[in-house]
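Here is what each chain is made of, one letter per residue.
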Amino acid sequence: MKNTILILLVSLVSLTACSKENSNTNNGLSRVVFDPGNLQFISNSLNPKKETMSALYGNEKALESLTKEIQTPEAGAVMKLVTWKYHDNPQYIGGTITGELVSIETVQADSAGNVYYDLKNDQPENTFSNPKERIQYFMSYRPVVRP
C-alpha cells in the first residue's frame, strides 16, 4: 500500500511539473544566426543611439587591407558588415544579446581593383544613399588585436 501511494505521488508530481507552460514569449522577437562561411571575424562596433551592434567579417585580403590602413580594399577583398538590433539579456543583468537582423552590407573588390557595394536589409529606414561613404566606413574599421 505504501509503495502504491508513493508511486502515485511521484507520478502526480512529475506530470504536474511537465505541464507548466512557458510564459516567455520573447516579445515576438526572433534571433537570426549569421553564418560567415569562410570569412573570419575582423572587428565589431556598437551604436547605442540606434541600439544596434555590428560585426565585420572578411577574408585574408580584407584583413590585410584594414591592417595597412589604406583607403580602398585590395583586389580580392571581401567584407561583410552584419548589423543586429540588441536587447537586454534576460539571463544576465546589464548584458545585451543580438536580436533581429537589421542589415548585411557587402564590400567586394574584384581582381581588377573595382570595388562594389551591396546592401541587404529588411528595414527601409536603414538605407544608405552613398556607397562610397559606406566603403570608406568599412575601411575605417581596425582589426581586433588577438593575443
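Everything numeric in this text was worked out from a predicted model, so none of it was measured.

Caption draft 1: Here's a closer look at helix α2 (residues 60-68). Those residues of α2 that fall on the buried side of the exposure criterion are A62, L63, S65 and L66. Down the axis of α2, the buried side of the element spans an arc of 160°, and every buried residue falls inside it. Exposed side of α2, more than 90 degrees from the buried face: T67 and K68 are the residues found there. Considering only its buried residues, α2 is in contact with β1 (40-47), β2 (52-58), β3 (78-88) and α3 (131-139). Where α2 terminates, the next one or two residues include E69, which has phi positive at roughly 55°.

Caption draft 2: Main features of the environment of A62. Of note, A62 is situated in helix α2. Judged by its relative accessible area of 0%, A62 falls in the buried class. Spatially, the C-alpha atoms of A62 and T72 are 9.9 Å apart, while their sequence positions differ by 10 residues. Residue contacts for A62: discarding those within four places in its chain leaves I42, A77, V78 and M79.

Caption draft 3: Quick peek at α3. Of the residues making up α3, those classed as buried are R134, I135, F138 and M139. Considered in projection along α3, the buried side chains sweep an arc of 145° and stay on one side of the axis. The secondary structure elements touched by the buried residues of α3 are β2, α2, β3, β4 (96-109) and β5 (115-121). If you check the start of α3, you find a side-chain oxygen 3.0 Å away from the backbone N of K132, and it comes from N130.

Criteria and cut-off values
Residues numbered from 1 in each chain as written. Predicted model: local features only at pLDDT ≥ 70, side-chain atom pairs only at ≥ 80, totals over all residues. Heavy atoms only, no water. Buried < 20%, exposed > 50% of the residue type's maximum accessible area, 1.4 Å probe, protein only. Helix = DSSP H or I, 4+ residues; strand = E, 2+ residues; numbered from the N terminus. Arc of directions from axis to C-beta. Contact = heavy atoms within 4.5 Å. Polar contact = N/O pair within 3.5 Å; in protein donor to acceptor, adjacent residues only side chain to side chain.

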